[in-house]
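Residues per chain, in single letters:
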Amino acid sequence: MAVLVVAVVLPVAAWLVLRPGSTGPSSSGTASTAAVDMAEPVDVWSVGLVPQVVDDLVEIAGGAQFVAIDLYPTHVSAKAPTAPGVTTIDRYSWRDGRAAREGPTSDRLDVDELFDVTTVEWTSVEGLVAQVRNLTGIDDASTSVSVERVSAGAPVRLRVYAGDDYGRHGIVTATAMGEIVWMKSDIEGSPAFEWEAAGLFPVERTQQAIDDLVEVVGGTQFVEVYVRRTSVSAKAPTTPGATTFDGFTWRDGFVERNGAAPRSPRDESMFDITTVDWAAVEGLVAQVPDLTGISDDSPYVVARRKYWSEDRHASTPTVLGVMVSDDYYSAYITADATGKIVWMEGGAPGSPAAQW
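Residues numbered from 1 in each chain as written. Predicted model: local features only at pLDDT ≥ 70, side-chain atom pairs only at ≥ 80, totals over all residues. Heavy atoms only, no water.

## Quick word on the overall build of the chain
Now for step 1: Broken down by element type, the chain carries six helices and 21 strands.
Now for step 2: Considering the chain as a whole, with its 356 residues, one finds that 48% of them fall into the buried category.
Now for step 3: Looking at the chain alone, contacts between residues at least 24 apart form 51% of all its contacts between residues at least 6 apart.
Now for step 4: About 17000 Å² of surface is accessible on the chain, with carbon and sulfur atoms providing 52% of the total. (Helix = DSSP H or I, 4+ residues; strand = E, 2+ residues; numbered from the N terminus. Buried < 20%, exposed > 50% of the residue type's maximum accessible area, 1.4 Å probe, protein only. Contact = heavy atoms within 4.5 Å. Areas by Shrake-Rupley, 256 points an atom, 1.4 Å probe, with all protein chains shown as cover.)

In structure tokens, the structure reads:
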């Protein structure tokens with residue numbers, strides 16, 4: 001049977017030679033994408049190349065389950081099980097068209113931290129990299145991308161880094177499908193800078209962080225949840241129904257399990273996080289300057305079960321507390337789970353909170 005060979009010229013990476021199928025691992029432990037040696041380093045961000053890079057890594061690793069993949073302009077590094085189903089981890093790399101097994105690591109495998117690379121929209125990585133300079137305002141940025149679960153059970157996230165020679169940097173975090181969930185940048189006026197300045201109190205961002213926490217905690221029962229402008233911390237059972245408690249942190253779009261949390265008398269007073277109206281919280285935070293006479297760009301909101309004496313005025317078992325302060329005054333507002341204010345104290349002289 002005659003075989004027709006068609007040469008395809010790529011507009012961005014003209015030196016890359018695509019293969020119609022896998023060549024399989026060589027005797028040196030590498031899988032080769034290219035039919036010839038590369039005269040120059042391959043640009044990983046070339047259009048359409050990232051999915052091929054991942055396919056090569058899957059081929060050399062023998063499976064699609066990975067611990068982490070880090071992509072740089074000219075190479076890729078990854079960690080994955082030594083073989084499917086085992087608990088040891090090896091390092092893998094991709095450079096100049098070839099994937100290779102680099103050797104063992106001393107890391108211990110937590111199977112809940114593995115992710116299936118086929119569930120990631122890899123073309124979105126190229127799209128995020130193409131946008132990152134405009135999003136962060138860093139024109140001469142060098143870029144890299146990490147893909148991982150930070151904690152067992154957490155959603156997979158894509159984290160795009162941008163930095164320049166002057167120490168300015170930015171981060172864009174996205175879901176496995178490429179939907180942006182957080183951004184920040186040192187460059188004032190950039191979309192990423194403005195995103196972080198707006199913080200978590202737009203309801204859709206608060207809800208995203210809470211949903212991420214619920215996914216890692218494995219349930220909706222919490223002892224307390226503190227929502228700050230750019231982060232969330234929480235205390236919840238180690239596993240649903242457990243009598244031990246862990247701390248959790250949401251930051252930059254990722255949830256981390258911080259380990260054992262100290263016990264307190266309020267550990268038995270858990271609440272269901274789904275009973276909180278986060279849209280009402282957004283409105284409550286917006287009122288704080290007028291209610292307290294305090295302009296605080298870093299207020300925090302705590303969701304918890306009724307416990308303190310002022311909580312008795314709330315009509316719901318779950319209450320919200322809003323704390324603000326400046327160099328001279330502080331104030332605390334208590335509301336029920338619907339955002340209805342039931343108590344205020346502190347505040348600047350003459351403010352509604354001070355007069356409460």
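## Considerations on the nonpolar core
Now for step 1: With 81 residues, the main nonpolar core has L71, W122 and V225 as its most contacted residues.
Now for step 2: The element that contributes the greatest number of residues to this core is helix 1 (residues 49-61), accounting for seven residues.
Now for step 3: Beyond its immediate stretch of four places on either side in the chain, V225 contacts I210, V232, S233, A234, F271, I273, V301, V302 and A303. (Core = buried A, V, L, I, M, F, W, Y, C linked by side-chain atoms within 4.5 Å.)

## Some thoughts on the packing of helix 1 against helix 2 (residues 122-136)
Now for step 1: Direction vectors running N to C along helix 1 and helix 2 enclose 135 degrees, while the axes themselves pass 7 Å from each other. With respect to their mutual orientation, helix 1 and helix 2 come out oblique. In terms of crossing hand, the pair formed by helix 1 and helix 2 is right-handed. Contacts between helix 1 and helix 2 involve L49, V50, P51 and V54 on the former and, on the latter, W122, T123 and E126. (Axes fitted to C-alpha atoms, helices over the stretch in contact; angles between N-to-C directions. Parallel < 35°, antiparallel > 145°, perpendicular 65-115°, else oblique. Left-handed = near helix turned anticlockwise from the far one by under 90°.)

## Here's the deal with the pairing of strand 13 (residues 224-227)
Now for step 1: Here strand 13 runs beside strand 14 (residues 231-237); their pairing, made up of four bridges, is antiparallel. Its bridge partner being in strand 14, V225 is matched across the sheet by A234.
Now for step 2: Where strand 13 hands over to strand 14, the hairpin turn is made up of three residues, counted between the paired strands.
Now for step 3: Sheet topology note: the strand 13/strand 18 (residues 300-305) ladder contains four bridges and is antiparallel. Paired with E224 across the bridge in strand 18 is R304. (Pairing = 2+ DSSP bridges.)

## Observations concerning the packing of helix 4 (residues 203-217) against helix 5 (residues 278-292)
Two quantities define a packed helix pair, namely the angle between the axes and the distance from one axis to the other.
Now for step 1: Interhelical geometry of helix 4 versus helix 5 gives an angle of 130 degrees and a closest axis separation of 9 Å. As summarised for this structure, helix 4 and helix 5 are arranged oblique, according to the angle between their axes. Once helix 4 is placed against helix 5, the crossing between them reads as right-handed. In this structure, helix 4 contributes V203, T206, Q207 and I210 to the contact, and helix 5 contributes W278, A279 and E282.
Now for step 2: Of the residues in the contact of helix 4 with helix 5, the class split is four nonpolar, two polar and one charged. (Nonpolar A, V, L, I, M, F, W, Y, C, P; charged D, E, K, R; others polar.)

## Things to note about the sheet that holds strand 20 (residues 330-336)
Now for step 1: Taking strand neighbours across the sheet as the criterion, the eight strands line up as 16-15-14-13-18-19-20-21 in an open arrangement whose pairing is antiparallel. The open sheet is flanked by strand 16 (254-260) and strand 21 (341-346), the only strands paired with a single partner. Looking at each pair of strands side by side, their axes are set apart by 15 degrees on average, direction ignored.
Now for step 2: One ladder, built from five bridges, connects strand 20 with strand 21; its direction is antiparallel.

## Here we look at the pattern of salt bridges
Now for step 1: Summed over the entire model, instances satisfying the criterion amount to 11 salt bridges.
Now for step 2: Close ionic contact of K184 with D252 constitutes a salt bridge, the shortest N to O distance being 3.1 Å. Taken together, the residues K184 in strand 11 (residues 180-185) and D252 in the loop between strand 15 (245-251) and strand 16 connect sequence positions 68 residues apart.
Now for step 3: Using a relative accessible area of 10% as the deciding quantity, one classes D252 as buried. (Salt bridge = Lys/Arg side-chain N within 4 Å of Asp/Glu carboxyl O.)

## Some details on the pairing of strand 10 (residues 169-175)
If a strand is regular, its side chains alternate between the two faces of the sheet.
Now for step 1: Of all seven residues making up strand 10, six are buried, and the element is well covered by its neighbours.
Now for step 2: Where strand 9 (residues 157-163) meets strand 10, seven bridges bridge the pair, whose relative direction is antiparallel. Looking at the pairing, R157 lines up with T175 of strand 10.
Now for step 3: Taking the residues that link successive antiparallel strands as the turn, the strand 9-strand 10 hairpin has five residues, and the phi of G167 there is positive, at about 80 degrees.
Now for step 4: Examined bridge by bridge, strand 10 and strand 11 share five bridges and lie antiparallel to one another. By the bridge assignment for strand 11, A174 is matched with I180.

## Topic: the packing of aromatic side chains
Now for step 1: For the structure on display, the rule yields four aromatic pairs.
Now for step 2: The side chain of R205 reaches across the aromatic face of W195, ending 3.8 Å from its centre. (Phe/Tyr/Trp six-rings, centres within 6.5 Å; stacked < 30°, edge-to-face > 60°. Lys NZ or Arg CZ within 6 Å of the ring centre and 35° of its normal.)

## Description of the side chain of D246
Now for step 1: Mapped onto the secondary structure, D246 falls in strand 15.
Now for step 2: D246 sits in the buried class, given a relative accessible area of 7%.
Now for step 3: A polar side-chain atom of D246 sits 3.1 Å from a polar atom in the side chain of R257.
Now for step 4: Contact partners of D246, with chain neighbours within four places excluded, come to A234, K235, A236, P237, T238, R257, G259, A260 and A261. (Polar contact = N/O pair within 3.5 Å; in protein donor to acceptor, adjacent residues only side chain to side chain.)

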